[in-house]
Amino acid sequence: MITCKVPFTGLYLQTTGDVVLCCHSQKDSLGHINDIEDLESFYNSKVMDYFRTELNKGNIETLHPCKLCVYNEALGHETFRQRINQYYKFPNEKIDSLAREQGIDAPIRYLEYTLSNICNADCSTCSSFFSNKWAKLDEKFGRKVYPLTKVSDSAVEKIEKVLYGLNYLEIKGGEPFADVRNIRILNKLSEVNPNCNVSIVSNMHTITPESMSIIKKIPNLKLFASIDGIGKVYDWIRGGNFLKTVETMEQYYHETGNKIQIGATISLYNFFHLEEIYWYFKDREFIDKIVFHNWAIMPKYVSCDILPEDIFNQYQTRYQCSPLDYKSRAQDPKQNYTMSQAIIEMEKMNKHRGFNLQDNIPELKQYYK
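Residues numbered from 1 in each chain as written. Predicted model: local features only at pLDDT ≥ 70, side-chain atom pairs only at ≥ 80, totals over all residues. Heavy atoms only, no water.

A. Focus on the layout of surface pockets. Of the pockets and cavities examined, the second largest pocket occupies roughly 220 Å³. Lining the second largest pocket are 14 residues; nearest its centre among them are Phe 8, Arg 52, Asn 56, Ser 97 and Arg 100. For the lining of the second largest pocket, the elements supplying multiple residues, two or more each, are helix H1 (6–9), helix H3 (46–56) and helix H6 (93–101). Considering each element in turn, the lining of the second largest pocket owes the most residues, five residues, to H6. Here the residues of the lining of the second largest pocket sort into three nonpolar, four polar and seven charged. (1 Å grid on protein atoms, 1.4 Å probe; cavity = no way out; pocket = protein on both sides within 12 Å on 5 of 7 lines; lining within 4 Å. Points joined across faces, edges and corners; volume = space filled by probe spheres on them. Helix = DSSP H or I, 4+ residues; strand = E, 2+ residues; numbered from the N terminus. Nonpolar A, V, L, I, M, F, W, Y, C, P; charged D, E, K, R; others polar.)

B. Here's a closer look at the nonpolar core. With 116 residues, the main nonpolar core has Leu 169, Met 249, Phe 271, Phe 281 and Phe 292 as its most contacted residues. Leaving out residues up to four positions away in the same chain, Met 249 has contacts with Met 204, Ala 225, Ile 227, Ile 260, Ile 262, Phe 281, Phe 286 and Ile 287. (Core = buried A, V, L, I, M, F, W, Y, C linked by side-chain atoms within 4.5 Å. Buried < 20%, exposed > 50% of the residue type's maximum accessible area, 1.4 Å probe, protein only. Contact = heavy atoms within 4.5 Å.)

C. Broad picture of the packing of aromatic side chains. Taken as a whole, this structure holds 25 aromatic pairs when the rule is applied. Their ring planes at 50° and their centres at 5.9 Å tell us that Phe 271 and Tyr 315 sit as a pair that is tilted. One end of the pair, Phe 271, is in the loop between strand E8 (260–266) and helix H13 (274–281); the other, Tyr 315, is in helix H14 (residues 309–320), with 44 residues separating them in the sequence. In this pair, the class of Phe 271 matches that of Tyr 315, namely buried. For the ring pair Tyr 278 and Trp 279, a centre distance of 5.0 Å and an interplane angle of 80° mean the geometry is edge-to-face. For Tyr 278, a relative accessible area of 12% puts it in the buried group. Note on Trp 279: relative accessible area 53%, which makes it exposed. Grouped by ring-pair contacts, the aromatic residues Phe 271, Phe 272, Trp 295, Phe 312, Tyr 315, Tyr 319 and Tyr 326 constitute a single cluster. Over the face of the ring belonging to Phe 355 we find Lys 232, whose NZ or CZ atom lies 4.0 Å from the ring centre. (Phe/Tyr/Trp six-rings, centres within 6.5 Å; stacked < 30°, edge-to-face > 60°. Lys NZ or Arg CZ within 6 Å of the ring centre and 35° of its normal.)

D. Quick look at the pairing of E8. A large share of E8 lies buried, amounting to six of its seven residues. Two strands pair when backbone bridges link them, and strand E7 (residues 221–226) and E8 are joined in this way by three bridges, in the parallel orientation. In the sheet register, Ser 226 faces E8, and the bridge partner there is Gly 263. As paired elements, E8 and strand E9 (residues 287–295) share six bridges and run parallel to each other. Pairing of Gln 261 across the sheet is with Lys 289, part of E9. In this fold, the crossover linking E8 to E9 by way of H13 has right-handed handedness. (Pairing = 2+ DSSP bridges. Right-handed = clockwise from strand over helix to strand, strands pointing away.)

So this is what it looks like as structure tokens:
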């Protein structure tokens, strides 16, 4: 019985160089890329076989890397385990299983990676762990400062060796278009496996002409634009220029013919603003879908779990009855952060941005005393 497709199809490489099962098990390193001679051999090794065996026995609840999915599903939250099981199709799944039974190495079919935390944005929901542009802000705000982190060039070469067999490649950041090595990998993919399904999560601040020319070579490339507001709300949350971002999205569509999926990350900062995002983009020709599935739960001061329960539930009901493609979630009972603490953090960003978020989202004003 397979309770999760992840270890049967691929793995995830972090900016630290650590190889883990998936993005939900980032603290459970299975090995470091610099110590792994070949990714495909590692994927077929006893390390990965252990998880495949245990999942076939139905022992998902005993596997530490799987605990986050188990916990979140108990709260009614959608998890990556559910998404990959339901939406990802692997035509060679049975062939690969038979190959493993016969001691033959099977190709990696799913690869997700983040080459670095190089980024051109300082999103209010982020930190220097994910964006090197945040380093000065974390220092200014008295928070932990994470260094510029990126995998080695030899790791990039190891990624290139497994591109041939992939059904899915997912690229995250940082900002993928800010690290030129992602463009190198995409160019290689266009040569050896151009029909691979590619997903890139981008802030869409800018795409260089070189990057645009290469992504045109990959017909099954899907861009997911991180848009958490419109107008000044976007500028405050994402630290970019909203109109410039929309211009980049339109340019991508006109040059490739591919529509974009907007994925809004729901946080305390935009929880009362989701409908504005939907109505602004609803009829734009370059938009495929607008989804509200992802929730910011860390750092704690950006989470909607801080909101009073009645207000949270009121808006949950409102969105569930609206045209929004909205994934609801229960508030985390372990939340121990207060709204007053969140306001202090919000004020830091107000000063940094040079204008107040609450002036653009008046529902937040009631929490200022």
